[in-house]
Amino acid sequence: MNIIIFGPPGAGKGTQSDFIVKKFKLFQLSTGNLLRDEIKKKTQLGLEINKEINSGNLVSDKIVGKLVENFLSNTNYKNKIIFDGYPRNLSQANDLDKLLIKYEQKIDLALNLKTDIEIIKKRITGRYSCNKCGKIYNKFFNPHPKNNNCCSGEFLNKRGDDNIDVAIKRFNTYTKETSPVLDFYKKKKLYKEINGESSIDQIYKEISDIIAVIEA
Ligand SMILES: [Zn+2]
């Protein structure tokens, strides 16, 4: 079974795909990880990637396609893949279709963790952590227990990297690029939507149920 998981940055896609990988014994294809690995290994492709990144460009669909092909051609992963963060645009979706045919595989499910920008904003602005144990809470979704101040009662607000403007920009870019990809999988009748505003456990349960039906 091959699955694609969609969702805007901040929707909790990474968390869910980690769960699914473990439960259904899949391999995660994350283009971000593949790019980093390739750079680290200093392959010819890795050097090309480095050059593109250093010149301030996004890594081209062509290079991403090569990395995806390397992964798809590995028979260990055959029909056991969860695609996370790919395909990101229509051109990549078409590339993926060709690669799947070439390596005699198919997509069984395209899952979308549908999450509104207002929820993502609350996830970012509501986040705080305990300064002793590091446990992360959220004042909207997961506040610390009322009669328990976690470790010491000292809480740290908002993490430094959580800039709301950046989040909105990323969300808009994602939506613009990915909407046509979602339509692409709707037409193939592979599309299933999950309410990304539910709790992590609830989302995980819904995803598991959907996959169990497909596997049966
Ligand atoms: Zn604590």
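Look up: the structure comes first, before these words.
The residue numbers shown here count from 1 along each chain, following its written sequence. Side-chain atom pairs in this predicted model are given and counted only at pLDDT of 80 or more, local residue features only at pLDDT of at least 70, and totals for whole chains, interfaces and linings cover all residues.

(A) The overall build of the chain, seen in detail. Counting secondary structure elements, the chain contains eight helices and eight strands. In this setup the radius of gyration rests on C-alpha atoms only. A globule is expected at 2.2 Å times the number of residues raised to 0.38. In terms of C-alpha radius of gyration, the chain reaches 19 Å, essentially the compact-globule figure of 17 Å for 216 residues. Its C-alpha atoms put the chain at 60 × 45 × 30 Å along the principal axes. Comment: burial labels come from other C-beta atoms within 10 Å of the residue's own C-beta, placed from the backbone, where a count of 20 or more is buried, 12 or fewer is exposed, and between is partly exposed. Counting every position in the chain, which comprises 216 residues, the buried fraction comes to 24%. The long-range fraction of contacts in the chain, counting pairs at least 24 apart against all pairs at least 6 apart in sequence, stands at 74%. Secondary structure elements follow DSSP: runs of H or I of four or more residues count as helices, runs of E of two or more count as strands, with numbering from the N terminus. C-beta atoms are first placed from the backbone for all residues, and any pair lying within 7 Å is then listed as a contact.

(B) Spotlight on the nonpolar core. One finds Ile5, Val68, Ile82, Phe83 and Leu111 to be the most contacted residues of the largest nonpolar core, which totals 31 residues. By residue number, the principal contributor to this core is helix H4 (residues 61-72), which donates five residues. Sequence-distant contacts of Phe83, defined by excluding residues within four places in its chain, comprise Ile3, Ile4, Ile5 and Leu29. Nonpolar cores are identified as sets of buried Ala, Val, Leu, Ile, Met, Phe, Trp, Tyr and Cys residues joined via C-beta atoms within 7 Å.

(C) Quick peek at the environment of Pro180. Inspection of the secondary structure puts Pro180 in helix H7 (residues 164-187). On a C-alpha basis, the gap between Pro180 and Ser91 in space is 10.0 Å, while along the polypeptide they are 89 residues apart.

(D) Molecular detail of the pairing of strand E5 (residues 127-130). Pairing of E5 with strand E6 (residues 136-138), which is carried by three bridges, proceeds in the antiparallel orientation. Following the sheet pairing, Ser129 is matched in E6 by Ile136. DSSP bridges decide pairing: two strands pair if at least two such bridges lie between them. Connecting E5 to the antiparallel partner E6 that follows it, the hairpin turn spans five residues, and Gly134 within it adopts a positive phi of roughly 85°. Both E5 and strand E7 (residues 155-157) contribute to a ladder of three bridges, which runs antiparallel. Pairing of Cys130 across the sheet is with Phe155, part of E7.

(E) Here's a closer look at the sheet that holds E7. Strands sit in the order E6-E5-E7 across an open sheet of three strands; the sheet is antiparallel. With one partner strand each, in any of the chains shown, E6 and E7 form the two edges of the open sheet. Each strand axis lies, on average, 35° off the axis of its neighbour in the sheet, ignoring direction. Angles shown run from 0 to 180 degrees and are taken between the N-to-C directions of axes, each axis being a line fitted to C-alpha atoms and, for helices, limited to the stretch in contact.

(F) Examining the sheet that holds strand E1 (residues 3-6) more closely. If you trace the five strands from one edge of the open sheet to the other, you get E2-E3-E1-E4-E8, paired in parallel fashion. Only two strands of the sheet have a single partner each, and these edge strands are strand E2 (27-30) and strand E8 (191-195). Ignoring which end each strand starts from, the neighbouring axes of this sheet average 25° apart. Against the sheet, helix H1 (residues 13-24) makes contact with E1, E2, strand E3 (81-84) and strand E4 (109-114), and its axis sits at roughly 175° relative to E3, the strand it touches most.

(G) Looking closely at helix H2 (residues 31-41). Three or more residues of H2 are buried, namely Thr31, Leu34, Leu35 and Glu38. Looking down the long axis of H2, one finds its buried residues gathered within 100° of arc, a one-sided arrangement. Facing away from the buried side of H2, by more than 90 degrees, are the exposed residues Gly32 and Lys40. Turning to H2, the residues buried within the fold contact E2, helix H3 (44-54) and H4. Residue Lys42 follows H2 closely and has a positive phi angle near 55°. The arc in question is the one spanned by the directions pointing from the helix axis to the C-beta atoms.

Nothing here speaks to function; it is all geometry.
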